[in-house]
Amino acid sequence: MNRFFVAETAVIDAPVERVWDVISRTDRYAEWVAGAIEVTDHHGLATVGRTYAERNRTLGPLKTDSIWTVQEIEPLKRRVDTGTGFAPLQDLTNTFEFRPVQSADGREATEMLYQVEYTIGLGPLGLLLDAIQQPAMRAGMRTSMANLNTLLRSEASRTAH
Amino acid sequence: MSSTQNQDTVTSHQARRADVVVIGAGLAGLTAARELVAAGRSVTVLEARARVGGRLLNHRLGDGQVTEIGGQFVGPTQDHILALAKEVGVATYRAAVPGENVYVRNGRARRFSGHLLPDPLALPEMGIALARIGQAAAKVDPAAPWRAPNARELDGMTYETWLRKAGITGAAVDLVNVFLNSAYGGEARDASALFSLWYVSTFGDETHPGTMERGTGTTGGAQDSRFVGGSQLVAQRLAEELDGRVQLNAPVRRVSQDSTGVTVVSDAGDWRAGRVIVAVPPLVASRIVWDPLLPAQQDQLFQRLPFGTLMKCVAVYDRPFWRAEGLSGMGLLRGGSPIREMFDNTPPDGGPGVLMGFLGGREWRKWAHRSAAERRGAVLRCFAQVVGERAFDTVDYVEQDWTAEQWTQGGPTAVAAPGVLTDFGQWMGRPHHRVHWAGAEFSPYWNGYMDGAVRSGQHTATELLHQI
Ligand SMILES: Cc1cc2nc3c(=O)[nH]c(=O)nc-3n(C[C@H](O)[C@H](O)[C@H](O)COP(=O)(O)OP(=O)(O)OC[C@H]3O[C@@H](n4cnc5c(N)ncnc54)[C@H](O)[C@@H]3O)c2cc1C
């Protein structure tokens, strides 16, 4: 079994409380997670032990249905979920970590770590497969965090109610 | 019947009198009233709201500027509304703003000019779709769609089913839905194929057969022009001309008729008239208490003509910044996007910049119940895809959800599901004894549009004058 770790970080231009509010909403993943076309089942505010389901884009035109279980919640700091449905990727673990930081002009911002851990069987073929899929996965993770940044910006617009 | 007659005799003592009572001060009701007054009849218009215009509504931007949050566009072959506006002194101007439009697909934005979408895969399919729709719509008589060849077969399936049967698939169906999102407040799957082809056949007049291109087009099409001062100004001018004959805050609750006349019971009192014109949306009309009851088929028809689900979302900026970047502010956004179609709605003499997007159909169903801040965020993200991130720097943001309006109940117009037109369509404009019908939904041309409303108001006034 080959076990892989893929991690990306980004600075989100919003206080950690606002970031946490959005990432905790299992109904909202299609609004910022790249490749999540639709949340097909959710339980609202993420709760340990409960699940949610997504329709995802994988490679090219391929689509898949995934089911995620919330494993760990450390408020404002860390979220860990495990997922199924991304064959040949198995034992998928998705981790978000957050740390308050200050932006260059002194505003409250959030450093986000986005990490995905998984195994691919198939021996050497698995390594080859990962070499193909990993760059797309990384790009997706970066896009997701950029989307999250834009989402928070759009909801903080001057005329916010 | 006898108890009703007693009640009418009692109320008719206090009732005010008019030759004709018109219910509803939208374009159709006001136009009908104008014709009747010109013919020397005494008329009262009873309007439920505290304003006239119905589905036409100006939003004030300050400094005397407005932008529309209801119907706004007019174009060639819509001669009735254009002539009427001219008569009441409301000028028009070209709606299109110079610059490139933007096409957004899978989150990627591409600029384009004119009508040619920058999508080589979707284009040929769209061409085929337009040709098939054109051929089929040409066989439908705008005045009697139920007489079309294969009417029952066409009315037995949804428009989406018909499109797919005609070999039109993914991209073109989605592009048709971009249009229907605002035109129906729905999608091809909500409407009957016969209804939809008929709807296209109404995009014209007695000498210009309806075409899809005219319905969807900007310059030269239904989105060609707008009114200086906003479309509601046409209704306001008509009401001014009617000089005290429009009674606001007068929702009509009950209409009773007997051999001598009609009693109209409203929250502002009762009226007794020889004839009544009902110029309210069909479904809203079915909720008035009718005595005697409407013919069952007509009542069933009105219940089966609900409006779509549509909201206009408007963002205001200190100026139309996108114009300096060579953009027209017009955007078409493919499936999955909350806003599917958007326009530059800046007032004609510049002033604050205004972007307007339609949140309709399925997207409305997905977003209407979300929190206002989340929905506004989603709308602004669509705008940002088209004009860039300055779209987030709004000075004002306004939504008009027509489904939340008691006296409209959706928008922009009625959409018939399979089975309605062939089984009940012929009951559409049939007078119910002394009660006549008017409204955009009763017109064989530009059905559901301002022009249809004006045509229908004129037609019904003429029909009524022939009978009294
Ligand atoms: C968001 C939106 C966008 C649109 N865009 C366009 C466009 O670009 N171009 C175009 O041509 N058309 C457009 N339309 C459609 C256009 O606005 C309508 O076709 C037209 O205004 C209808 O006029 P009407 O008089 O038939 O009906 P309405 O305007 O609906 O008038 C009916 C009146 O009756 C009143 N009423 C209802 N019930 C009662 C009662 N019980 N008692 C008393 N009064 C009552 C209502 O308050 C209303 O004033 C749009 C509509 C919407 C909602």
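What counts, and at which threshold
Residues numbered from 1 in each chain as written. Chains lettered and ligands numbered in written order. Predicted model: local features only at pLDDT ≥ 70, side-chain atom pairs only at ≥ 80, totals over all residues. Heavy atoms only, no water. Near = heavy atom within 4 Å. Polar contact = N/O pair within 3.5 Å; in protein donor to acceptor, adjacent residues only side chain to side chain. Areas by Shrake-Rupley, 256 points an atom, 1.4 Å probe, with all protein chains shown as cover. Helix = DSSP H or I, 4+ residues; strand = E, 2+ residues; numbered from the N terminus. Nonpolar A, V, L, I, M, F, W, Y, C, P; charged D, E, K, R; others polar. Domains from an automatic or database assignment. Buried < 20%, exposed > 50% of the residue type's maximum accessible area, 1.4 Å probe, protein only. Pairing = 2+ DSSP bridges. Salt bridge = Lys/Arg side-chain N within 4 Å of Asp/Glu carboxyl O. Contact = heavy atoms within 4.5 Å. Axes fitted to C-alpha atoms, helices over the stretch in contact; angles between N-to-C directions. Phe/Tyr/Trp six-rings, centres within 6.5 Å; stacked < 30°, edge-to-face > 60°. Lys NZ or Arg CZ within 6 Å of the ring centre and 35° of its normal.

Enquirer: Please clarify how the site of the ligand should be interpreted in this entry.
Expert: Residue and element names in this part refer to chain B. The environment of the ligand is made up of 35 residues, and the closest members are Glu 47, Arg 49, Ala 440, Gly 448 and Met 450. Interatomic distance of 2.9 Å between a backbone N/O atom of Ala 28 and an oxygen atom of the ligand. Met 450 places a main-chain nitrogen or oxygen 2.8 Å from an oxygen atom of the ligand. Within the complex, 98% of the 1000 Å² of free accessible area of the ligand lies under protein. Of all the secondary-structure elements, those providing two or more residues to the shell around the ligand are helix H2 (27-38) and helix H16 (450-467). The residue inventory of the shell around the ligand, partitioned by class, reads 23 nonpolar, nine polar and three charged. Taken domain by domain, the makeup of the shell around the ligand includes at least three residues from each of domain 1 (2-54 + 231-295 + 430-467) and domain 2 (58-76 + 85-98 + 224-229 + 308-404).

Enquirer: Whenever I open this one, the pairing of strand S4 (residues 65-68) of chain B confuses me. Can you help?
Expert: As a general feature of sheets, a regular strand has side chains that alternate between the two faces. Residues and elements named next belong to chain B. Every second residue of S4 is oriented toward a common face, with Gln 65 and Thr 67 on one face and Val 66 and Glu 68 on the other, all of them buried. Sheet topology places strand S3 (residues 58-62) next to S4; four bridges connect them, and they run antiparallel. The residue bridging Asn 58 from the neighbouring strand is Glu 68, located in S4. What sits between S3 and S4 in their antiparallel hairpin is a turn of two residues, with Asp 63 showing a positive phi close to 55 degrees.

Enquirer: Teacher, can you tell me more about the pattern of salt bridges here?
Expert: Working definition: two side chains of opposite charge can pair if their charged atoms are close together. Applying the stated criterion across every chain yields a total of 43 salt bridges over all chains. Across the pair Arg25(A) and Asp27(A) runs a salt bridge, and its minimum N-O distance is 2.9 Å. Salt bridges here are not isolated pairs; linked through shared partners, they connect Arg25(A), Asp27(A), Arg28(A), Glu31(A), Glu155(A), Arg370(B), Glu374(B) and Arg381(B).

Enquirer: What should I look at first to understand the environment of Asp299(B) in this one?
Expert: All names here are of chain B. Note on placement: Asp 299 falls in helix H12 (residues 296-303). According to the relative accessible area criterion, Asp 299 is partly exposed, its value standing at 21%. Distance from Asp 299 to Leu 123, taken between C-alpha atoms, is 43 Å for residues 176 residues apart in sequence. Not counting the four nearest positions on each side in its chain, Asp 299 is found in contact with Ser 286 and Leu 294.

Enquirer: Quick question: what am I supposed to make of the interface of chain A and chain B here?
Expert: When the parts of a complex come together, some accessible area is lost, and that lost area is often used as the size of the interface. At the interface, 13 residues of chain A touch 15 residues of chain B. Ionic pairing is found between Arg381(B) and Glu31(A), a salt bridge with its closest N-O pair at 3.7 Å. A per-class count over the side of chain A that touches chain B returns two nonpolar, five polar and six charged.

Enquirer: What's the story with the sheet that holds strand S15 (residues 327-333) of chain B in this structure? I'm lost.
Expert: In a beta sheet, neighbouring strands pair by backbone hydrogen bonds and run either parallel or antiparallel. Residue and element names in this part refer to chain B. Across the sheet, which stays open at both edges, the seven strands sit in the order S7-S6-S15-S16-S17-S14-S18 with mixed pairing between neighbours. Of all strands in the sheet, those with a lone pairing partner are strand S7 (108-112) and strand S18 (396-401), marking the two edges. On average, each strand axis in the sheet is tilted by 20 degrees relative to the strand beside it, whichever way the strands run. Relative to S15, strand S6 (residues 100-105) runs parallel, the two being bridged by four bridges. Note that in S15 the partner of Tyr 103 across the bridge is Leu 332.

Enquirer: Hey, could you run me through the packing of aromatic side chains in this one?
Expert: Each aromatic ring pair is specified by the distance between its two centres and by the angle formed by the two planes. Residue and element names in this part refer to chain B. As enumerated under the stated definition, the model contains 28 aromatic pairs over all chains in all. Their ring planes at 55 degrees and their centres at 5.8 Å tell us that Tyr 184 and Phe 195 sit as a pair that is tilted. Remark: Phe 195 occurs in helix H8 (residues 193-201) and Tyr 184 occurs in the loop between helix H7 (170-183) and H8; sequence separation between them is eleven residues. Classification of Tyr 184 by relative accessible area gives buried; the value is 1%. Judged by relative accessible area, which is 2%, Phe 195 ranks as buried. What links up through ring pairs into an aromatic cluster is the set Phe 179, Tyr 184, Phe 195, Trp 198, Tyr 199, Phe 203, Trp 446 and Tyr 449. Across the ring face of Trp 271, the terminal group of Arg 16 is positioned such that the distance to the ring centre comes to 4.0 Å.

Enquirer: Is there a simple way to explain the sheet that holds strand S6 (residues 89-102) of chain A in this structure?
Expert: Residue and element names in this part refer to chain A. The sheet built from seven strands is open, its strands ordered S1-S7-S6-S5-S4-S3-S2 with antiparallel pairing. Looking along the sheet, the strands with just one partner apiece sit at the ends: strand S1 (2-12) and strand S2 (36-41). Sheet twist, expressed as the average angle between the axes of neighbouring strands with direction ignored, equals 25 degrees. Sheet contacts for helix H1 (residues 16-23): S1, strand S4 (63-74), strand S5 (78-84), S6 and strand S7 (108-120); angle to S6, the most-contacted strand, approximately 155 degrees. The strands that helix H2 (residues 123-155) touches are S1, S6 and S7; relative to S1, the one it contacts most, it runs at about 20 degrees.

Geometric values such as these leave the question of function open.
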